[in-house]
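Take a look at the letters that make up each chain.
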Amino acid sequence: QPNADFTVSGTAPASDISKQLSVSPLYRVSIMNAAADQLTLRMFPKTGLFSGSFRDANRHRSFGGVLLQGKNIGTGLFLGENKTGAVLLKPRPTQP
């Protein structure tokens, strides 16, 4: 069951990536419907950091970010061809 959403924005040409994730209490990440973007994501709870990679227009991109525990989100960035893109990790709304 997915419990988080992950978004990559600022990719070229305007093909943002949006994925549903399942994050275990031990911070193990399962990506739902992994596809041609080859998204990977690892979390490091001791440091509050996360990192990963994806494919963008047939190029491999690496990203990194920080988990903001008080706000319950993660935010980070990656370097593109001539601009910086953003990554966002947030919990999915709970179903009643």
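Our subject is the structure listed above.
Residues numbered from 1 in each chain as written. Predicted model: local features only at pLDDT ≥ 70, side-chain atom pairs only at ≥ 80, totals over all residues. Heavy atoms only, no water.

Visitor: What exactly am I supposed to notice about the overall build of the chain here?
Guide: Tallying secondary structure elements over the chain gives 0 helices and 8 strands in all. Put simply, the chain runs from its N terminus to its C terminus through helices and strands in the order β-β-β-β-β-β-β-β. Against the compact-globule benchmark of 12 Å for 96 residues, the chain has a radius of gyration of 13 Å, which places it among compact chains. Counting only C-alpha atoms, the chain reaches 40 × 25 × 20 Å along its principal axes. (Helix = DSSP H or I, 4+ residues; strand = E, 2+ residues; numbered from the N terminus. Rg over C-alpha atoms; globule rule 2.2 N^0.38 Å.)

Visitor: Sorry if this is basic, but what is going on with the nonpolar core here?
Guide: If you look at soluble globular proteins, the nonpolar side chains tend to sit buried side by side. Counting 16 residues, the largest nonpolar core has Phe6, Phe50 and Phe63 as its most contacted members. Elements represented by at least two residues in this core include exactly strand 1 (4–9), strand 2 (17–23), strand 4 (40–44), strand 5 (49–56), strand 6 (59–68) and strand 8 (84–91). The contacts of Phe6, once residues within four sequence positions are left out, are Ile17, Ser18, Lys19, Leu21, Leu39, Leu41, Phe50, Phe63, Val87, Leu88 and Leu89. (Core = buried A, V, L, I, M, F, W, Y, C linked by side-chain atoms within 4.5 Å. Buried < 20%, exposed > 50% of the residue type's maximum accessible area, 1.4 Å probe, protein only. Contact = heavy atoms within 4.5 Å.)

Visitor: How should I be thinking about the packing of aromatic side chains in this particular structure?
Guide: The description of an aromatic ring pair uses the distance of the two centres, along with the angle that the planes make with each other. Considering all chains together, one arrives at 5 aromatic pairs under this definition. Ring centres of Phe6 and Phe63 lie 5.3 Å apart, and the angle between their planes is 40°; on these two criteria the pair is classed as tilted. With a gap of 57 residues between them, Phe6 in strand 1 and Phe63 in strand 6 connect regions that are remote in the sequence. Summarising the burial analysis for this pair, Phe6 and Phe63 share the class buried. The structure contains a cluster of three or more aromatic residues connected by ring pairs, namely Phe6, Phe50, Phe54, Phe63 and Phe78. (Phe/Tyr/Trp six-rings, centres within 6.5 Å; stacked < 30°, edge-to-face > 60°.)

Visitor: What's the story with the pairing of strand 2 in this structure? I'm lost.
Guide: Remember that side chains alternate between the two faces of the sheet whenever the strand is regular. A large share of strand 2 lies buried, amounting to 5 of its 7 residues. Alignment of strand 1 against strand 2, held across 5 bridges, turns out to be antiparallel. Paired with Val8 across the two strands is Ile17, which belongs to strand 2. Note that strand 2 and strand 3 (residues 29–31) share 3 bridges and pair antiparallel. For Ser22, the partnering residue across the bridge sits in strand 3 and is Ser30. (Pairing = 2+ DSSP bridges.)

Visitor: Would you take a moment to explain the pattern of salt bridges for this structure?
Guide: Pairing of side chains with opposite charge becomes possible as their charged atoms draw close. Taken as a whole, this structure holds 3 salt bridges when the rule is applied. Among the salt bridges present, the one from Asp5 reaches Arg92, with a minimum N-O distance of 2.6 Å. Taken together, the positions of Asp5 in strand 1 and Arg92 in the segment after strand 8 put the pair 87 residues apart, joining distant regions of the chain. Residue classification places Asp5 among the buried residues on the basis of a relative accessible area of 15%. Owing to a relative accessible area of 26%, Arg92 belongs among the partly exposed residues under this scheme. Note that Asp56 and Arg61 form a salt bridge whose closest N and O atoms lie 3.5 Å from each other. Judged by relative accessible area, Asp56 falls into the buried class, the value being 4%. (Salt bridge = Lys/Arg side-chain N within 4 Å of Asp/Glu carboxyl O.)

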